Amino acid sequence: MDFQDIDIRTLLPQQPPFVMVDTLLHVDEASITTALHVRPDNLFVEDGCLTEPGIIENMAQTGAARMGYINLHVNHGAVALGFIGEVKRLAIHRLPRTGECVETTVEVRSEILSTTLVQATMRAGGEIVAEGSMKICS
């Protein structure tokens, strides 16, 4: 399956203008990678850069897209609403600039009931620009 043919909006409860991922690049049981082109009209862009809340939201929506994919394409169910339960050890090395394409990978560390613990890494041009762990609850 070519993941890029999937409309990312079908995997998320968020809808424009609050969608913080553009394209699904890869997904499997334990990980997902998405792409986001940082545009000047993005809600979380200030002074030509994606802000810290935008980075966190991108990481969370990448994790949510994984669950949306599993719910829709594996379990043939519906997309579930979720929220960020906790952010830990967030390191932002630099803010992505408008015009850059960032790729975010979220790897599942554990899933307990409706809580998923993940490690997220955002890259721009192969360079790690942000990383951290999250607790995503549904």
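Residues numbered from 1 in each chain as written. Predicted model: local features only at pLDDT ≥ 70, side-chain atom pairs only at ≥ 80, totals over all residues. Heavy atoms only, no water.

1. Focus: unusual backbone geometry
Where we set the bar: Counting from the N terminus, the helices are DSSP H or I runs at least four residues long and the strands are E runs at least two residues long.
Cis geometry is adopted by the peptide bond preceding Pro17, which originates at Pro16 and carries an omega value of 10°. In this structure, Pro17 sits in the segment before strand E1 (23-27). Phi at Asp47 is positive, roughly 50°, even though this residue is not glycine. In this fold, Asp47 is placed in the loop between strand E3 (45-46) and strand E4 (49-50). With phi around 55°, His76 is a residue other than glycine that occupies positive phi space. Counting through the fold element by element, His76 comes out in the loop between helix H1 (52-74) and strand E5 (83-92).

2. A word on the pattern of salt bridges
Our working rule: By definition, a salt bridge exists where a carboxyl oxygen of Asp or Glu is found within 4 Å of a side-chain nitrogen of Lys or Arg. For the exposure calls, accessible area comes from a 1.4 Å probe over protein chains only, and a residue counts as buried if that area is under 20% of its type's maximum, exposed if over 50%, partly exposed in between.
Summed over the entire model, instances satisfying the criterion amount to eight salt bridges. The salt bridge involving Glu86 is made with Lys135; its shortest N-O contact spans 3.5 Å. Of this pair, Glu86 sits in strand E5 while Lys135 sits in strand E8 (residues 127-137), and the two are 49 residues apart along the sequence. Residue class for Glu86 comes out partly exposed when judged on its relative accessible area of 31%. Note that Arg97 and Glu100 form a salt bridge whose closest N and O atoms lie 3.7 Å from each other. Salt bridges here are not isolated pairs; linked through shared partners, they connect Arg94, Arg97, Glu100 and Glu127.

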